[in-house]
Amino acid sequence: MSALMKKWILSISLLLLTIIFVGIGVQFWVQQKINAYIAEDMPSSIYVKNHDVKFNLWKHQLTCRPLEVYYDADSTDNYTSKIAVENIDINGLKYYQLWKNDKIILDNLILSNPVITHHKSNNRSADSKTAGESKKAIDIYIDKFQLESAEVMILNNTQDSITLTINDFNLILRDIMVSDKTLNNHLPFQYSDSYCSYDSLHLKVGNYEYLVSNFGQLKYGNFTINDFRYFTKHDRTSYNKLLSLERDHVDINIDNIKFTNFKLKNSKNRKLAFFADSVYLNSPVAKLYRDKSLEDNIRNRIFYGEKINRALIDMNFDNVLVVNGFLQHEIHKDLSREPGKLKFKNIYSTISNFSNVNQKQTYISFQTKFMEEAKVKGNWSFSTIDPKGTFQFTGAIDNLPLKDLDQLMIPNQNSRMTGFVNSVDFNIMGNLHNSSCDLTIDYQDLKLILLDEENKKRKIVSSLANIMIHDDGTIPDEKKDKISITIDRDPTTSFWKYIWQNIKTALAEDIIKL
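Just so it is clear, the model here is predicted, and its values are computed rather than measured.

1. A look at the nonpolar core
- In terms of nonpolar packing, the biggest core is built from 84 residues, with F145, F169, F259, F391 and L439 touching the most fellow members.
- With residues near it in sequence (within four places) discarded, F169 still touches L147, E148, S149, A150, V152, C196, S197 and Y198.

Printed below as a string of structure tokens:
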């Protein structure tokens, strides 16, 4: 081996040894800086416990096993938020960008088996922040962020403390960007694509209701929710003892909800924005119960357009489809009797432009079976931005045997009806203050039967009542005559009661002899 070759080998070896020793020194220095930052220089609102952070210079990798981080805490028992993670893996850290451009750029960030806890009622952060925390944030770019098998819990610091729990929550976000600008939003980052799933979700809604779901998944832009349930947490008897004013006991179950092309965005005016091309509600079943022995809840009522407009989030769903739904409303006036029942089954409905972010009209079409086999179909339109609450509601009812109303009328009105309604067609145009209704009805053999406490016919009063009633709406010179009425609305009247008042007033014009 020549002397020149030996010099080259020696020089390369020395260079390699220098690089290795410098690398070891840099790694030791960075490791010490990380440990010192966690121990001494973290923002005062953040406390880190049980951390074992390892930095690998050559692999561009940072790992931590395990880690507990407390936000806005003065102890591990009194904090606003906490995350306990078994493993954190940060890969592909770009040193040049960090050194030259003051940017953190990562290939991926993976959090394994984290337990995330947030106390909703704590508000300590205003006292905990320091002037040093107002420095410009470092821009962060992450190709892939992954949350594996997370448990999420939000508490409200009350006796009934659990507001939200999510089990086995998995999340993947692509192309994340965090900057000073994004941190001012409710969603404090931008991303290009996402995947998430959970095994169970339990959310407290208000003082009396829960929302639960046994499975959810967002994949390729389609968000699916299975076994959805929204229900009053108390049984009927216990619930009514808690109330001073009447309020529905609710139990809503939906087998499957699917959003296509679902997107979660920031909103300019509200907290967040939910967008989807379509929403499918498969086999929803809604059972409502109201105890009318309680005092009526008299308050000003708003219509559905304004309710949608007042939502805390932006919503824009091009189409909502309801498939094979069922609705039952039990109305209990006399607690010594069974409640009266209103039933709608085989509900199919299409809602176009369910939105509070554009100025287009919302259109709803529906068809269903009323009580037993009567066919009902109709259309409903309104605007979410119209301060007058202008709407149009049209409907048609065909082939209604009046005996089908027994389950509603006998318990609540001590009466029943016989006869047959061939058809009812109505068109209601209205707003918050008044409305007009055009109605045609074709019926035959109409009789009203008033009952005693034992549900036996009161013959004399029934006969007197029927003197005042047209028993046949198919008399040639009266058939298909249109009845037109107008009514004024009490501000405390709900929308559905308003619709019924229009129909009832028009029916009385036709049926009752004047």
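2. Description of the pattern of salt bridges
- This model, assessed by the stated rule, comprises 14 salt bridges.
- D334 is the salt-bridge partner of R337, the closest N and O atoms lying 3.8 Å from each other.
- By relative accessible area, which is 15% here, R337 ends up buried.
- For D334, a relative accessible area of 28% gives the class partly exposed.
- E373 serves as the salt-bridge partner of K345, at 3.7 Å between the closest nitrogen and oxygen. Highlighted residues: K345 in strand β20 (residues 340-355) and E373 in the loop between β21 (362-370) and β22 (374-382), separated in sequence by 28 residues.
- A relative accessible area of 46% places E373 in the partly exposed class.

3. Considerations on unusual backbone geometry
- Across the junction of R65 and P66, the peptide omega takes the value -15°, indicating a cis bond.
- One non-glycine residue, N261, lies in the positive phi region at around 50°.
- For N261, the location among the structural elements is in the loop between β16 (249-260) and β17 (263-266).
- Judged by relative accessible area, which is 33%, N261 ranks as partly exposed.
- You will see that N346, though not glycine, has its phi angle at about 50°, which is positive.
- Counting through the fold element by element, N346 comes out in strand β20.

Rules and cut-offs
Residues numbered from 1 in each chain as written. Predicted model: local features only at pLDDT ≥ 70, side-chain atom pairs only at ≥ 80, totals over all residues. Heavy atoms only, no water. Core = buried A, V, L, I, M, F, W, Y, C linked by side-chain atoms within 4.5 Å. Buried < 20%, exposed > 50% of the residue type's maximum accessible area, 1.4 Å probe, protein only. Contact = heavy atoms within 4.5 Å. Salt bridge = Lys/Arg side-chain N within 4 Å of Asp/Glu carboxyl O. Helix = DSSP H or I, 4+ residues; strand = E, 2+ residues; numbered from the N terminus.

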